[in-house]
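# Descriptive structure summary
So the chains spell out like this:
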Amino acid sequence: MAGIYLHIPFCRQACHYCNFHFTTSLRNKSDVVNAIASEAVLQKQMLEGETLRTIYFGGGTPSLLDVEEIELLLNTIRQHYQVESGAEITLEANPDDITGEKLQGWKRAGINRLSMGVQSFFEDELRWMNRAHNSMQSVDSIRMALEHFSNISVDLIYGSPLLTNSMWEENIGKAIELGIPHLSCYALTVEEKTPLHKLIRKNEKENVDGNRQAEQFMILMQRLRAAGYEHYEVSNFAKPGFRSRHNSSYWKGEKYLGLGPSAHSFDGSSRQWNVANNMQYLKAIEEGKVPAEKELLTEANRLNEFIMISLRTREGLDLIKVKETFGHPRASTLEKDLQRYASTGLLKTSGTCYSLTDEGMLRADGIAAELFVGE
């Protein structure tokens, strides 16, 4: 099984914290969409013989696309790839783009899952992030979306300087009250070269507080588990039957093809990434070339990635899989390091599987990095 990710590099306005590739100019939107369709044909050999289980429109803001543009991309994929019956087809959407007419059009085009960039239900926070929607649109768009789609996900951000613990409790409570089946919740990260990073450096915005973020992560886990959500990955929570197939495929190390400017691809042994420049991307595709760089992964690269993505999941890291894929010496060395973390209470064991405890999840990336192996 495999998946396709389509990067739609357009946004209505720039969120202060975002470091993804995008532009707020829609001038070349139609040209880029046509180029992505052309790239889908140029790249089809990468997933030859594979069946697509997921198709994911990310960005950027894919909900800025016309329904006809979504149809063009999906029809091109269906024409050149084998798509599983009932494949999960997700569209990222912002609340300010959602109307009844658009929801109906997306459903007709073949979209069967929405991932909604809500981030907060508080007006002050949305303004602080420079989001294009307001708090009323956050709630109204979710209610409207649930009238057309049963499978929706909502993104929420915690750890901003404006967000108190009680406000975070309200955000979580609102999500539960609305009956959202899947939540992706992320700690606010200050990425270099973003507007937020520059504003903090100039003392025009307050920096994030790591201790408060940790407190809010603990609140998040407790509240959502109590409400019947499965905490199946560090940042992701789902009602039974609503895990994201797209996300889960990535954490299982399955193949995926990325289409569009800045999109990444993985075929099991190598990784490639497209140029993060719309005009360079358009020029290359017009010439029948894929503007991508490629990296062949060493055994150590692949094992380190396996460690990182496995530890983020509820199922954890299985030493049997490590032994089968990377050999007994690698598995034996890794086991000693895993046992060291288990003795500190940051990891728990179930048979041959090691997974993070709640305290361990606060240090997920750091623990994974310390477990990485050399060449």
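Below or above, wherever it landed, is the structure these notes cover. (Residues numbered from 1 in each chain as written. Predicted model: local features only at pLDDT ≥ 70, side-chain atom pairs only at ≥ 80, totals over all residues. Heavy atoms only, no water.)

### Details of unusual backbone geometry
Apart from glycine, the bulk of residues carry a negative phi angle, and the bulk of peptide bonds sit in the trans form. The peptide bond linking Gly59 to Gly60 adopts the cis configuration, its omega dihedral lying at 20°. Inspection of the secondary structure puts Gly60 in the loop between β2 (51-59) and α2 (67-80). Despite not being glycine, Lys193 has its phi angle at roughly 70°, a positive value. Checked against the element boundaries, Lys193 lands in the loop between β6 (182-187) and α7 (195-201). One non-glycine residue, Ser262, lies in the positive phi region at around 75°. Within the secondary structure layout, Ser262 lies in the loop between β9 (255-259) and β10 (264-266). Relative accessible area serves as the criterion here: at 16%, Ser262 is assigned to the buried category. (Helix = DSSP H or I, 4+ residues; strand = E, 2+ residues; numbered from the N terminus. Buried < 20%, exposed > 50% of the residue type's maximum accessible area, 1.4 Å probe, protein only.)

### Quick look at the side chain of Ser310
Along the chain, Ser310 falls in helix α11 (residues 299-311). When residues no more than four places from it in sequence are discounted, the contact partners of Ser310 are Gly316 and Leu317. (Contact = heavy atoms within 4.5 Å.)

### Things to note about the pairing of strand β11 (residues 270-274)
Counted residue by residue, β11 has 4 buried out of 5 residues, so it is predominantly covered. Pairing of β10 with β11, which is carried by 3 bridges, proceeds in the antiparallel orientation. When the bridges of β11 are listed, Phe266 appears paired with Arg271. Hairpin remark: β10 followed by β11, antiparallel, with 3 residues in the connecting loop; positive phi at Gly268, about 100°. Summarising the sheet, β11 and strand β12 (residues 292-296) pair through 5 bridges and their orientation is antiparallel. From the neighbouring strand, Arg271 faces β12, where its bridge partner is Glu295. (Pairing = 2+ DSSP bridges.)

### Details of the layout of surface pockets
As a volume, the second largest pocket reaches approximately 620 Å³. As for the second largest pocket, its lining consists of 25 residues, of which Trp251, Lys252, Gly253, Phe306 and Ser310 are closest to the centre. Of all the secondary-structure elements, those providing two or more residues to the lining of the second largest pocket are α9 (245-251), α11 and α12 (319-326). If you tally residues by element for the lining of the second largest pocket, the top one is α11, at 5 residues. In terms of residue class, the lining of the second largest pocket is built from 8 nonpolar, 8 polar and 9 charged. (1 Å grid on protein atoms, 1.4 Å probe; cavity = no way out; pocket = protein on both sides within 12 Å on 5 of 7 lines; lining within 4 Å. Points joined across faces, edges and corners; volume = space filled by probe spheres on them. Nonpolar A, V, L, I, M, F, W, Y, C, P; charged D, E, K, R; others polar.)

### Digging into the nonpolar core
Counting residues in each nonpolar core, the largest one holds 87 residues, and the members touching the most others are Leu6, Phe57, Trp106, Ile111 and Leu114. The contacts of Phe57, once residues within four sequence positions are left out, are Leu6, Ile8, Pro62, Leu65, Ile70, Leu73, Leu74, Ile89, Thr90, Leu91, Glu92 and Ile111. If you look at the next biggest cluster of nonpolar residues, it comprises 9 residues, including Cys18, Met129, Ile157 and Leu196. (Core = buried A, V, L, I, M, F, W, Y, C linked by side-chain atoms within 4.5 Å.)

### Here we look at the state of the cysteines
In the structure shown here, the tally under the stated rule is 0 disulfides. Here Cys185 stays free of any disulfide, with the sulfur of Cys15 as its closest cysteine sulfur at 17 Å. (Disulfide = S-S within 2.5 Å.)

### What to know about the sheet that holds strand β14 (residues 347-350)
In space, the 3 strands of this open sheet follow the order β13-β15-β14, with antiparallel pairing throughout. Each edge of the open sheet carries a strand with a single partner, namely β13 (317-318) and β14. As paired strands, β14 and strand β15 (residues 353-356) are joined by 4 bridges and run antiparallel to one another. Counterpart to Ser350 in the pairing with β15 is Cys353.

### Things to note about the packing of α12 against helix α13 (residues 328-343)
How two helices sit against one another is set out by the angle between their axes and by the gap between those axes. One can describe the packing of α12 onto α13 by two numbers: an axis separation of 7 Å at closest approach and a directional angle of 150°. One way to sum up the angle between α12 and α13 is to call them roughly antiparallel. Note that α12 runs across α13; the crossing there is right-handed. Taken together, the residues of α13 that come into contact with α12 (itself represented by Leu319, Val322, Lys323 and Phe326) are His328, Arg330, Ala331, Leu334, Glu335 and Leu338. Class assignment for the residues of the contact of α12 with α13 results in 6 nonpolar, 1 polar and 3 charged. (Axes fitted to C-alpha atoms, helices over the stretch in contact; angles between N-to-C directions. Parallel < 35°, antiparallel > 145°, perpendicular 65-115°, else oblique. Left-handed = near helix turned anticlockwise from the far one by under 90°.)

### What about the pairing of strand β7 (residues 230-233)?
Note that β7 and strand β8 (residues 236-238) share 3 bridges and pair antiparallel. Its bridge partner lying in β8, His231 is registered against Phe237. The turn joining β7 and β8, which pair antiparallel and follow one another in sequence, is formed by 2 residues.

### Overview of helix α15 (residues 364-371)
If you check which residues of α15 are buried, you get Ala364, Ile367, Ala368 and Leu371. Along the axis of α15, the buried positions cluster into a sector of 100°, meaning they face one direction only. Looking at the packing, one finds that the buried side of α15 touches α11, α13, β15 and α14 (358-361). (Arc of directions from axis to C-beta.)

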